[in-house]
Amino acid sequence: MPENLAATAPASAPAAGLIRWIERRPGTAFGGFLAMHFVVWTALPALLYVNLPLDLIEALVYGREWQFGYDKLPPLPWWLIEAVHRAFDADIAYYATAQATILVAFALVFALARPLVGATGALIAVLIIDGLHYFQYTAVKFNHDVIQLPFWALAGYAFHTGLRRGGLGAWCLLGFAMGGALWAKYFVVVLAVPYALFMVFDRQARRALATPGPWLALCVTLVVAAPHIVWLFQSDFLPFAYASRRATPVRGWFDHLLHPAVFFGSQIFFLLPSLFIAAAMFWPAEGKKSLVEPFDRRIVTLLAFGPALTMIALAAVTGRGAVAMWGYPLWLFLGLWLVMAARVSFDTARLTRIIGAWAIVFTIFVLAFIANYLVLPPLDHRYRAVLFPGDKLGEMLTARFHDATCRSPDCSSLRYVIGSMWDGGNLAHYSPDQPQVLIDGLPARAPWIDLDDLRDKGAVLVWTQSDPHQIPPAFAAIAPGAELGAPFDLPMRRGDGTVHVGWAILKPR
């Protein structure tokens, strides 16, 4: 065993052999990492989530309607989940979709990093960002934050390629990435603004403005995003009201300092595992001469920090609070920037420490996930949505609708549910009849539902967050004449919690 490896740790022969294999074949090792990441983070929620989480319930409520826009967010992730539902109709397929999205983002980061820092450096760049819970623990819940990742990664890859090598293909890819990112989430503005400013203020990047490339990218962006942009104008930018409600309101001048500071602090906290993985690159210091060209370094610096600084600047200017989870796509290229900044050679000892640190972080996330959803529920009595008895709710209320409305063996199925996104969405998904949901009893939230048809076909009303003995006013207003049923309780699927269910039936007229 080499002396430097022996001085690092008494590594076992298999571990030492693995490190030597990674040194020889870092590209293959990256493929193995992707496979392990996919298997672990697909299997864990499939095994431990006994009910779909809210984001997936919401996707199944919205996605089946195939609208160009909705009252909350752009439709792309909801369309994808609906497509997966129709193709596979299995919970594990939704979790696999989330991991496939993560893997595409990782592959694009690796593709950008490899020519700059080599295959080993590119592998390490990805391992560093894998320390973020955004790519592990919370990424199992496929949503708008997760679907942003491949578009943001593609945008970074295409932007660098377009500036360094030119070619209209790279600029077309950039336009596709930007347009796709808009379909994913309106957060795309935080991506586009720093890219545009870089092209204006960087001397070398500015030369590209005299070529067709950037303008072609702008045209492709508009073409890709056009159907949703048209819908936004037609709906008077309806989803922006949701975004405004999500952001913390301004209470005074101090919020212009407090809110960006809180967001910055949350991101630093989330980055601590990644910085732990990266620490082995900086100690002991080596001071190796960098072979990365200055222009490449400036581009990667922009990719690593530009969107995050733009988000902080927006919070400072507007004074509005930013949700910590908005940080999902901000740090995709931080690992590459750190590898470039370290200026070290990845000898056996250093590579051993880096991979060892990553393995510790990965294992901690896995154990925390298992503890949270398997070990702790009987002990801490905390509500967990993924332990909700959605299957029993859907089965029981569908059966009660049939009992109350069927007059022959050929009775009609349950077509409509009136309820919150969570209650109604669970009933709809787990019901054998797969009804549509009139969200919160508000036609404005589900304009695709024909209220006359709802009253003709009948509906189930369901609620769990208010008095089960009284129909919520919004539900009663939209379903006059609904007959209140006797409340009942359902135990949570794991732990000792109980769900108090209120329900009513609007019989077909």
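Predicted, not measured: the structure shown is a model, and the values here were computed from it.

Parameters at a glance
Residues numbered from 1 in each chain as written. Predicted model: local features only at pLDDT ≥ 70, side-chain atom pairs only at ≥ 80, totals over all residues. Heavy atoms only, no water. Helix = DSSP H or I, 4+ residues; strand = E, 2+ residues; numbered from the N terminus. Buried < 20%, exposed > 50% of the residue type's maximum accessible area, 1.4 Å probe, protein only. 1 Å grid on protein atoms, 1.4 Å probe; cavity = no way out; pocket = protein on both sides within 12 Å on 5 of 7 lines; lining within 4 Å. Points joined across faces, edges and corners; volume = space filled by probe spheres on them. Nonpolar A, V, L, I, M, F, W, Y, C, P; charged D, E, K, R; others polar. Axes fitted to C-alpha atoms, helices over the stretch in contact; angles between N-to-C directions. Left-handed = near helix turned anticlockwise from the far one by under 90°. Contact = heavy atoms within 4.5 Å. Salt bridge = Lys/Arg side-chain N within 4 Å of Asp/Glu carboxyl O.

Undergrad: Sorry, what's going on with unusual backbone geometry here?
TA: Glycine aside, a negative phi is what most residues show, and trans is what most peptide bonds show. Here the phi dihedral of Asp89 falls at roughly 50°; this positive angle occurs in a residue that is not glycine. Looking at the element boundaries, Asp89 is found in the loop between α5 (76-87) and α6 (91-129). Judged by its relative accessible area of 53%, Asp89 is exposed. Backbone geometry at Asp440 places phi at a positive 60°, although glycine is not the residue there. Its location among the elements puts Asp440 in the loop between β2 (436-439) and α20 (451-457). The exposure class assigned to Asp440 is partly exposed, which follows from its relative accessible area of 26%.

Undergrad: Would you explain empty space enclosed by the protein in this entry?
TA: Here the idea is plain: a probe the size of a water molecule rolls over the atoms and shows the empty space left. All told, the structure shown has two cavities of 30 Å³ or more when counted by the stated rule. Among the residues forming the lining of the largest cavity, the class breakdown is 10 nonpolar, no polar and no charged. In this structure, the second largest cavity spans a volume of roughly 40 Å³. Lining the second largest cavity are Phe263, Phe264, Gln267, Ile268, Leu271, Ala308, Ile312 and Trp331. Mapped onto the lining of the second largest cavity, the elements with two or more residues apiece are α13 (255-282) and α14 (294-318). For the lining of the second largest cavity, the leading source of residues is α13, giving five residues.

Undergrad: I'm lost on the packing of α6 against helix α15 (residues 334-342) in this one. Help?
TA: Pairs of packed helices are described in terms of their axes, by the angle between the two and the distance that separates them. Orientation of α6 relative to α15, taken along the N-to-C sense of each, is 120°, at an axis distance of 8 Å. Considering how the two elements wind past one another, α6 and α15 form a crossing that is right-handed. Taken together, the residues of α15 that come into contact with α6 (itself represented by Leu112, Ala113, Leu116, Val117, Gly121, Ile124, Ala125, Ile128 and Ile129) are Leu334, Gly335, Leu336, Leu338, Val339 and Met340. Across the contact of α6 with α15, the residue classes tally to 13 nonpolar, two polar and no charged.

Undergrad: Which parts of the structure should I look at to understand the pattern of salt bridges?
TA: Side-chain pairing between opposite charges can occur once the charged atoms of the two side chains come close. Within this structure, the stated rule accounts for 17 salt bridges. A salt bridge links Asp71 to Arg445; the nearest nitrogen and oxygen atoms lie 2.6 Å apart. Taken together, the residues Asp71 in the loop between α4 (54-63) and α5 and Arg445 in the loop between β2 and α20 connect sequence positions 374 residues apart. Like Asp71, the residue Arg445 is buried in the burial classification. For Glu483, the salt bridge is made with Lys507, and the minimal N-O distance between the two is 3.6 Å. Of the two residues, Glu483 is situated in strand β4 (residues 483-484) and Lys507 in the segment after β6 (498-506); the sequence distance between them amounts to 24 residues. The exposure class assigned to Glu483 is partly exposed, which follows from its relative accessible area of 41%. One connected set of salt bridges, linked through shared partners, spans Asp71, Asp440 and Arg445.

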